[in-house]
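A closer look at the structure
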Amino acid sequence: MRFAVSSHTLRALASTEPSAEGTRLVRDVRRSKRLLLLRAVLDAAPGAEAAERWALLEEAERQDPEAVRDVLHYPATGVWAEETLRRLHAPQGPPPDLAHLGALAVAAALRAGIGFKATLRPVGGRLALPTLGLLRPDRPGPLALTERSWDSCATLPLHALPGGRTALDDLDPYRAPPAAHPAPVRPARRLTPKGHKRWDTQWSGALTLLERYDSARADEIGRLLRTVVPLGGGTRSSGATLPAAAGSVLARAQAPPALAATLVHEVQHGKLAALADVLTLHTADRTPRLWAPWRSDPRPLEGLLHGAYAHLALAGYWQRAALYGARGAWAQHARVRAQVAAVLPVLRAQPQLTVTGREFVDGMAAAERTMDELPPPGDQHATARRALERERRAWCEAHPELAAFVQV
């Protein structure tokens, strides 16, 4: 499917502000990409079993298209599909997990309420069914499944967070890339009921803050975020977004104000990833040479663009929170805005930006300038800029070979 992105929609997305056309584009791109990926898996999969599983998916779709779409577009399904396609084209590595296609088909059939018969093999004494949870059979070996299996077997349902629009996924084996992959973040193991309750409390608190301070962003998060995956211990990051798991955020359990900010930040990464799937914003390579005020390591242009975009949204969120009297929000706004303002001229000066990419960055810069209409009280902007300048000088001293890339 080809996407035509109007200048109006591009500018709306560049501002980071929620818009109906921007949300629609992101969701349409995600759906199109997922269907193409699943088609590629089916075309590459050997044998008749994959075709049989797909036929069950099609039968379920005729009964309940929305339920089947939710299964196929579930974030973890994207991780499985990408990993399976990679393994199908790399026969010397681990074998592809084509059995998971059966789990997708069974989950879709159960949710659609159609009659069916299928035999699947649980792994480690449990069978993961995307969007539903786990089946825990009482005996080892292949498991014969019918439309009554979810009600007749021992189950562990996926945990729905308060509000009903987003699930807390600590069950799906593909909620993050396989452990063999190098990754800076790891998902937590299955949570206890106490852990679920803690998440419910923090999630409810974060949604309350978002709806109070920035209702449009609260609605956007509800529309674009299907799952939250708890981060495991030892991960320093408060949140992460994986392109393969479109519609999901990995996040650590944290106080509601911090969780609200994490959600605002991470959802922007998902929006920009979808846009980059249909538009070429730059032609730069992955060489890390640019200063990002929010990180100590040099970043490639792609990373700096993503970081600036997510922090631009954060600056807007903290400004709105400050106007509602949130404690410490003006200082947060001033700090984050100073970071974005320092980076935008560097981005705009990059010769690898395409015409579209330059228009996008110009839109970001215009959104940053509008924040002048509601400045923080006192000299908080100046204080933040002075602190940032000290950080910039320290970074240049630590990376003298890259100092020329820090400012224009």
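Everything discussed here concerns the structure shown above.
A quick note: this is a predicted structure, and the numbers were derived from the prediction, not measured. (Residues numbered from 1 in each chain as written. Predicted model: local features only at pLDDT ≥ 70, side-chain atom pairs only at ≥ 80, totals over all residues. Heavy atoms only, no water.)

This next bit is on the overall build of the protein chain. Secondary structure summary: the protein chain contains 14 helices and 10 strands in total. Each principal axis of the C-alpha distribution contributes one length, and for the protein chain these read about 70 × 40 × 40 Å. Burial status across the protein chain gives 52% buried among its 408 residues. Partitioning the intrachain contacts of the protein chain with sequence separation of at least 6 by distance along the chain shows that 67% fall at a separation of at least 24. For the protein chain, the computed accessible surface area is about 19100 Å², with 53% contributed by carbon and sulfur atoms. Each charge class in the protein chain can be summarised by its mean position, and for the 52 positive and 41 negative side chains these summaries are 4 Å apart. (Helix = DSSP H or I, 4+ residues; strand = E, 2+ residues; numbered from the N terminus. Buried < 20%, exposed > 50% of the residue type's maximum accessible area, 1.4 Å probe, protein only. Contact = heavy atoms within 4.5 Å. Areas by Shrake-Rupley, 256 points an atom, 1.4 Å probe, with all protein chains shown as cover. Lys, Arg positive; Asp, Glu negative; His and termini not counted. Charge placed at Lys NZ, Arg CZ, Asp CG, Glu CD.)

In this section: the environment of G233. Summarising the element assignment, G233 is placed in the loop between β8 (227-230) and β9 (239-240). Classification of G233 by relative accessible area gives exposed; the value is 79%. The spacing of G233 and A188 is 45 residues in sequence and 6.9 Å in space, taken between C-alpha atoms.

Taken in spatial order, the 5 strands make up an open sheet running β6-β7-β8-β10-β9, and their pairing is mixed. In the strand order of this sheet, the two ends are held by β6 (159-160) and β9, each with one partner. Pairing analysis gives 2 bridges linking β9 to strand β10 (residues 248-251), with the strands arranged antiparallel. The residue bridging G239 from the neighbouring strand is A251, located in β10. (Pairing = 2+ DSSP bridges.)

Take the layout of surface pockets next. Each pocket or cavity is described by its volume, and for the second largest pocket that value is around 660 Å³. Residues belonging to the lining of the second largest pocket are distributed by class as follows: 15 nonpolar, 3 polar and 9 charged. (1 Å grid on protein atoms, 1.4 Å probe; cavity = no way out; pocket = protein on both sides within 12 Å on 5 of 7 lines; lining within 4 Å. Points joined across faces, edges and corners; volume = space filled by probe spheres on them. Nonpolar A, V, L, I, M, F, W, Y, C, P; charged D, E, K, R; others polar.)

Here we come to empty space enclosed by the protein. One pass over the full model with this rule turns up 3 cavities of 30 Å³ or more. Volume-wise, the largest cavity comes out at about 50 Å³. Lining the largest cavity are 13 residues, and of these L129, P130, T131, G133 and D172 lie nearest its centre. Mapped by element, the contributors of at least two residues to the lining of the largest cavity are β2 (127-129) and β3 (133-136). Here the lining of the largest cavity is built from residues that sort into 9 nonpolar, 2 polar and 2 charged.

On to a nonpolar patch on the surface, then. Among the surface-exposed residues, L323, Y324 and L374 lie close enough to one another that they form a single nonpolar patch of about 320 Å² accessible area. Summarising the element assignment, Y324 is placed in the loop between α11 (301-323) and α12 (329-348). Classification of Y324 by relative accessible area gives exposed; the value is 54%. (Patch = residues over 30% accessible without salt bridge, like charges linked within 9 Å, V, L, I, M, F, W, Y side chains within 5 Å. Salt bridge = Lys/Arg side-chain N within 4 Å of Asp/Glu carboxyl O.)

Overall, the coordinates contain 23 salt bridges when judged by the stated rule. Across the pair E17 and R217 runs a salt bridge whose closest N-O atoms are separated by 3.2 Å. One end of the pair, E17, is in the loop between α1 (7-14) and α2 (20-44); the other, R217, is in helix α9 (residues 215-224), with 200 residues separating them in the sequence. On the basis of relative accessibility, which here comes to 28%, the residue E17 falls in the partly exposed class.

One finds L210, L347, F360 and M364 to be the most contacted residues of the largest nonpolar core, which totals 66 residues. Ranked by the residues each element gives to this core, the list is headed by α11, at 13 residues. When sequence neighbours within four positions are dropped, the list of residues in contact with F360 reads L10, L13, A14, L272, L275, L281, L305 and Y309. Ranked by size, the runner-up nonpolar core spans 56 residues in total, among them L57, W80, A112 and A167. (Core = buried A, V, L, I, M, F, W, Y, C linked by side-chain atoms within 4.5 Å.)

Looking now at helix α3 (residues 49-63). Between its first and last C-alpha atoms α3 spans 22 Å; for 15 residues at 1.5 Å apiece the expected length is 21 Å, and the two agree. Against α2, α4 (65-72), α6 (99-112) and β1 (117-120) lie the buried residues of α3. (Expected span 1.5 Å × (residues − 1).)

Here the focus is the packing of aromatic side chains. This model, assessed by the stated rule, comprises 4 aromatic pairs. Between the aromatic rings of Y317 and W318, the centroid separation amounts to 5.4 Å while the plane-to-plane angle is 55°, which identifies the pairing as tilted. A relative accessible area of 1% means that Y317 is categorised as buried. Members of the aromatic cluster, connected to one another through ring pairs, are Y213, Y317, W318 and Y324. (Phe/Tyr/Trp six-rings, centres within 6.5 Å; stacked < 30°, edge-to-face > 60°.)

As a further point, take the sheet that holds β2. Ordered in space as β2-β3-β5, the 3 strands form an open sheet in which the pairing is antiparallel. One side of each edge strand has no neighbouring strand; the edge strands of this open sheet are β2 and β5 (154-157). Ignoring which end each strand starts from, the neighbouring axes of this sheet average 25° apart. Bridge analysis of β2 against β3 gives 3 bridges, and the strand direction is antiparallel. Across the sheet, the residue bridging to A128 is L134, located in β3. (Axes fitted to C-alpha atoms, helices over the stretch in contact; angles between N-to-C directions.)

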